[in-house]
Amino acid sequence: SAFPGPKAGDSWLENDALRVEIDPASGWVSSIKDKKTGREVLSGPGNRLQLLEDRPKAWDAWNIGWTGTEFPSAFRGAKVVETGPVRTVLRLERDYLKPGTKKTFPTEDFPNSFFTQDIALYAGSDRVDFTTDIDWWEEKTMLKVAFPVPVNAKSAAYEIPYGVISRSTGLTDTWDKAKVEVPAQNWADLSEDNFGVTLLNDSKYGYDIKGNTMRLSLLRSPIWPDPTADRGMHHVNYALYPHPGGWASARTVRMGQEYNVPLLPVETGAHQGPLPASRSFVSLTPGNLVLAALKKAEDSEAWVFQWYDAVGRDSEAELSLPFKPSRVTLSNFMEEDLGEIPANGSVVKVPTKKNKTVTVKVYP
């Protein structure tokens, strides 16, 4: 592109797709501009770390008990820590001392918990990456991160095993009111017809999306049965991915996979060899199908492949193998042989119904 790689200053970062601005007073993200569409991605302060009083009546390692009290943390400054042709990184420092804490002289206002947060933009990437290191020494306090977005939708989409589930964003009935926290795998998404925002994670699975605010739970600090639960150092990653259209057309499922299983480059010298310059061990098309498992069969030498349709579209799967199989059978989660499938050389074609899982066994 014409943009000369990612750039940054003390309160902003920019690449060819996005411009991110920080409020120098609070440290929260004040703006994420989608440069391709000109849209503002936030409707209020984003990447806001919320320290919420969390006092369940019982079983406090299991139950959430928000009291409605939110405690303030202190912003200590921002600085650019990395610039280069591939990425740029802005580092934010915060700390926290619970109001009313009594400490002795001379450290009466020394913080209890510390937050170091890196915001990164990569060249050619249309997501904002957040990496947070937390030194956490609280009790009965929950840490969430909040992103208010200008999207009005009655439901949000959450990734679940081998599929996606919609859940209400309104508190219209007792069922919705009970879902203060809901699980998801790699991502949750809030979309209108022509615009949406995905909140990706790689290790934190508690979400709540109410109205137009997307929140991800980062930490809790119960004191029963373990009085030191969650205390200490934590390394947390999440990312925000604004996109045109809904999650299905925006390749959100693929984005979640890429975020959780990043490409690992290995530098090597030039050398001779029989392999081509580019090669995939196994490939599955079309793109709405996700190859979820590749394993050796429990009771034979067969290879087991399992995939699912992620977006709700009937299609014909085309599985390209690294060898010509002696036979291929349809199978199931029990790895039973259910019927032969013809293979055309090293390519196997299997009709795949929308929102369904397919398992095949391939015998070398």
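Bear in mind that the values here come from a model prediction, so they are computed numbers and not experimental data.

Cut-off values and rules
- Residues numbered from 1 in each chain as written.
- Predicted model: local features only at pLDDT ≥ 70, side-chain atom pairs only at ≥ 80, totals over all residues.
- Heavy atoms only, no water.
- Helix = DSSP H or I, 4+ residues; strand = E, 2+ residues; numbered from the N terminus.
- Buried < 20%, exposed > 50% of the residue type's maximum accessible area, 1.4 Å probe, protein only.
- Contact = heavy atoms within 4.5 Å.
- Areas by Shrake-Rupley, 256 points an atom, 1.4 Å probe, with all protein chains shown as cover.
- Lys, Arg positive; Asp, Glu negative; His and termini not counted.
- Charge placed at Lys NZ, Arg CZ, Asp CG, Glu CD.
- Pairing = 2+ DSSP bridges.
- Phe/Tyr/Trp six-rings, centres within 6.5 Å; stacked < 30°, edge-to-face > 60°.
- Polar contact = N/O pair within 3.5 Å; in protein donor to acceptor, adjacent residues only side chain to side chain.
- Core = buried A, V, L, I, M, F, W, Y, C linked by side-chain atoms within 4.5 Å.
- Axes fitted to C-alpha atoms, helices over the stretch in contact; angles between N-to-C directions.
- Arc of directions from axis to C-beta.
- Patch = residues over 30% accessible without salt bridge, like charges linked within 9 Å, V, L, I, M, F, W, Y side chains within 5 Å.
- Salt bridge = Lys/Arg side-chain N within 4 Å of Asp/Glu carboxyl O.

(A) Here's a closer look at the overall build of the protein. When you go through the protein residue by residue, the secondary structure sums to two helices and 29 strands. Principal-axis analysis of the C-alpha atoms gives the protein an extent of 75 × 55 × 40 Å. Per-residue burial over the protein gives 44% buried out of 364 residues. Contacts spanning at least 24 positions in sequence make up 61% of the contacts within the protein whose residues lie at least 6 apart. Taken as a whole, the protein presents about 18,900 Å² of accessible surface, with 54% of it coming from carbon and sulfur. The positive charge centre, built from 42 side chains, and the negative charge centre, built from 47, are 2 Å apart in the protein.

(B) Molecular detail of the sheet that holds strand β3 (residues 18–22). Strand order across the open sheet formed by five strands is β1-β2-β3-β4-β5, with antiparallel pairing between neighbours. Of all the strands in the sheet, just β1 (7–9) and β5 (39–40) have a single pairing partner and so form its edges. By the bridge criterion, three bridges tie β1 to strand β2 (residues 12–14) in an arrangement that is antiparallel. Bridge pairing in β2 links Ala 8 to Leu 13.

(C) Structural detail: the packing of aromatic side chains. On inspection of all chains with the given rule, the structure shows 16 aromatic pairs. For the ring pair Trp 62 and Trp 224, a centre distance of 6.3 Å and an interplane angle of 50° mean the geometry is tilted. Highlighted residues: Trp 62 in the loop between β6 (48–54) and β7 (66–71) and Trp 224 in the loop between β19 (213–219) and β20 (232–244), separated in sequence by 162 residues. Ring centres of Phe 115 and Trp 136 lie 6.4 Å apart, and the angle between their planes is 65°; this geometry places the pair in the edge-to-face category.

(D) Molecular detail of the side chain of Asp 54. For Asp 54, the location among the structural elements is in strand β6. Side-chain polar atoms of Asp 54 contact the side chain of Arg 220, separated by 2.9 Å. Not counting the four nearest positions on each side in its chain, Asp 54 is found in contact with Asn 63, Ile 64, Gly 65, Trp 66, Lys 140, Thr 141, Met 142 and Arg 220.

(E) Structural detail: the nonpolar core. Counting 49 residues, the largest nonpolar core has Ile 32, Leu 143, Tyr 238 and Leu 240 as its most contacted members. Residue contacts for Ile 32: discarding those within four places in its chain leaves Leu 18, Arg 19, Val 20, Arg 39, Glu 40, Val 41, Leu 42, Val 128 and Leu 240. Formed by 15 residues, the second largest nonpolar core is a distinct cluster that contains Leu 289, Leu 321, Val 348 and Val 362.

(F) Quick look at the sheet that holds strand β25 (residues 327–331). Taken in spatial order, the five strands make up an open sheet running β22-β23-β29-β25-β26, and their pairing is antiparallel. Where the open sheet ends on each side, the last strands, each with one partner, are β22 (289–296) and β26 (339–341). Within this sheet the neighbouring strands show an average axis-to-axis angle of 30°, counted without direction.

(G) Helix α2 (residues 252–260), seen in detail. Burial in α2 covers these residues: Thr 252, Val 253, Met 255, Gly 256 and Tyr 259. With its buried residues spanning 160° around the axis, α2 presents them on a single face.

(H) Up close: the environment of Arg 39. Position of Arg 39 among the secondary structure elements: in strand β5. A relative accessible area of 25% means that Arg 39 is categorised as partly exposed. Between the C-alpha atoms of Arg 39 and Gly 232, which are 193 residues apart in sequence, the distance is 39 Å. Leaving out residues up to four positions away in the same chain, Arg 39 has contacts with Ile 32, Lys 33, Asp 34, Pro 150, Glu 192, Asn 194 and Phe 195.

(I) Structural view of the pairing of β22. Sheet analysis places β22 next to strand β23 (residues 303–309), joined by seven bridges and oriented antiparallel. Paired with Ala 293 across the bridge in β23 is Gln 306.

(J) Local environment of the environment of Ala 156. Checked against the element boundaries, Ala 156 lands in strand β13 (residues 155–160). Those residues in contact with Ala 156, other than ones at most four positions away along the chain, are Ile 165, Ser 166, Arg 167, Thr 169, Asp 189, Leu 190 and Ile 209.

(K) How the structure looks around a nonpolar patch on the surface. On the surface, Trp 59, Trp 62 and Trp 224 cluster together into a nonpolar patch covering about 440 Å² of accessible area. Judged by relative accessible area, Trp 59 falls into the exposed class, the value being 52%.

(L) Quick look at the side chain of Asn 15. Residue placement: Asn 15 occurs in the loop between β2 and β3. Within polar-contact distance, the side chain of Asn 15 engages the backbone oxygen of Tyr 122 at 2.8 Å.

(M) Region of interest: the environment of Gly 256. Within the secondary structure layout, Gly 256 lies in helix α2. Under the relative-accessibility criterion, Gly 256 is labelled buried at 0%. Taking the C-alpha atoms as reference, Gly 256 lies 40 Å from Thr 101; in sequence the two are 155 residues apart. Contact partners of Gly 256, with chain neighbours within four places excluded, come to Asn 186, Trp 187 and Leu 200.

(N) A look at unusual backbone geometry. In this chain, Phe 105 is followed by Pro 106 through a cis amide linkage whose omega measures 5°. As for its position among the elements, Pro 106 is in the loop between β9 (87–96) and β10 (113–122). A cis geometry characterises the amide bond from Trp 224 onward to Pro 225, with omega recorded as 5°. Among the secondary structure elements, Pro 225 is positioned in the loop between β19 and β20. The phi angle at Trp 59 is positive, at roughly 55°, despite the residue not being glycine. Summarising the element assignment, Trp 59 is placed in the loop between β6 and β7. In the Ramachandran plot, Asn 355 falls in the positive-phi region, its phi being about 60° despite a non-glycine side chain. Within the secondary structure layout, Asn 355 lies in the loop between β28 (347–352) and β29 (357–363).

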